[in-house]
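A closer look at the structure
Here's the letter readout for the chains.
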Amino acid sequence: NEQNLIENRVVKHSRFVRARAMVGFLEAVDREAPIVLPRTTVEIRVGGFADVARRIRAGERIFDEVLAPRTERDAIFAWATEHPHTGARRVYGARGNAHLRDVWPVDRVRALWPDVHAPPSPDPAWP
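Not measured: the values here are computed from a predicted model. (Residues numbered from 1 in each chain as written. Predicted model: local features only at pLDDT ≥ 70, side-chain atom pairs only at ≥ 80, totals over all residues. Heavy atoms only, no water.)

**Points about the overall build of the protein**
A tally of helices and strands in the protein yields six helices and two strands. If you list the helices and strands of the protein from N to C, you get α-α-β-β-α-α-α-α. When burial is assessed residue by residue, the protein has 17% of its 127 residues classed as buried. When the accessible area of the protein is evaluated, it comes to approximately 9800 Å², of which 59% is carbon and sulfur surface. (Helix = DSSP H or I, 4+ residues; strand = E, 2+ residues; numbered from the N terminus. Buried < 20%, exposed > 50% of the residue type's maximum accessible area, 1.4 Å probe, protein only. Areas by Shrake-Rupley, 256 points an atom, 1.4 Å probe, with all protein chains shown as cover.)

Here it is in C-alpha cells:
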C-alpha cells in the first residue's frame, strides 16, 4: 500500500519534523479541513494523520462513499476534465484565491528537484 511507503519514507523522515508538528497542531485545535471531492456532498476527515491505519481507512471511505459507483466516477472525471487544476481551492467552492504558481513559483519548484528526483532512501521496514 502506498500509505506504508509514505509512512516510512516521508512521515517518519527527519526532514519533515516541522510538517508533522504542524499537522499535529491542526488536529489538536480541530482545524483539519475535510477532503471534499467535486460533485459530492461527502466530507471525509482523516484525523490522526500520523496513524497509517487511519489514512488507509480514509482512502477506503473515499472509494466506498464517492468513487465506487461507476456513474459517480465518470461524472467526477468529466468534471475534472472540464476544470483544469489551478492549485486554488476556490475551484471546489472553498475560500481562498491562491493559484498554484503564485504559491509555488517555477524557480522555487526547480530548487526542490534534486531531492524530488533523487533515488529513494532505503525503507528500513522492507527486508
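**Focus on the side chain of Arg55**
By the element assignment, Arg55 lies in helix α3 (residues 52–67). Residue classification places Arg55 among the buried positions, given a relative accessible area of 5%. Of the polar contacts made by the side chain of Arg55, one reaches the side chain of Gln3; its length is 2.5 Å. In contact with Arg55, not counting residues within four places along its chain, are Gln3, Ile6, Glu7, Val11, Val46, Phe49 and Ala50. (Polar contact = N/O pair within 3.5 Å; in protein donor to acceptor, adjacent residues only side chain to side chain. Contact = heavy atoms within 4.5 Å.)

**Brief notes about the packing of α3 against helix α4 (residues 70–82)**
In the contact formed by α3 and α4, the axes pass within 8 Å of each other and the chain directions differ by 95°. The orientation of α3 relative to α4 falls into the category roughly perpendicular. On the side of α3, the interface is formed by Phe63, Val66 and Leu67, while α4 contributes Glu72, Arg73 and Ile76. (Axes fitted to C-alpha atoms, helices over the stretch in contact; angles between N-to-C directions. Parallel < 35°, antiparallel > 145°, perpendicular 65-115°, else oblique.)

**Quick word on helix α1 (residues 2–11)**
The complete set of buried residues in α1 reads Gln3, Glu7 and Val11. Projected onto a plane normal to the axis of α1, the buried residues spread over an arc of 50° and lie on a single side. Residues of α1 that are buried sit in contact with α2 (17–28) and α3. (Arc of directions from axis to C-beta.)

**Considering the confidence of the model for the protein**
In this model, the protein carries a mean pLDDT of 77, and residues with pLDDT of at least 70 account for 80%. Helix α5 (residues 100–103) is the least confidently modelled element of the protein, averaging 74 in pLDDT, while α4 averages 89, the highest of any element. (pLDDT = per-residue confidence, 0-100.)

**Some thoughts on the nonpolar core**
Grouped together as the largest cluster of nonpolar side chains are seven residues: Val42, Ile44, Val46, Ala58, Ile62, Val66 and Ile76. In this structure Ala58 touches Ile44 and Val46, once residues within four positions along its chain are discounted. (Core = buried A, V, L, I, M, F, W, Y, C linked by side-chain atoms within 4.5 Å.)

**Quick notes on the pattern of salt bridges**
Throughout the structure, instances matching the rule amount to two salt bridges. Ionic pairing is found between Arg61 and Glu65, a salt bridge with its closest N-O pair at 2.7 Å. In this pair, Arg61 and Glu65 both sit in helix α3, four residues apart, roughly one turn of the helix. In this structure, Asp74 engages Arg70 in a salt bridge whose closest nitrogen and oxygen atoms are separated by 3.0 Å. Of the two residues, Asp74 and Arg70 both sit in helix α4, four residues apart, roughly one turn of that helix. When its relative accessible area of 53% is taken as the criterion, Arg70 is described as exposed. (Salt bridge = Lys/Arg side-chain N within 4 Å of Asp/Glu carboxyl O.)

**Focus on the environment of Thr40**
Within the secondary structure, Thr40 is located in the loop between β1 (35–36) and β2 (43–44). Measuring from C-alpha to C-alpha, the distance between Thr40 and Val66 comes to 7.2 Å, with 26 residues separating the pair along the chain. Residues in contact with Thr40, not counting those within four places in the same chain, are Val66 and Ile76.

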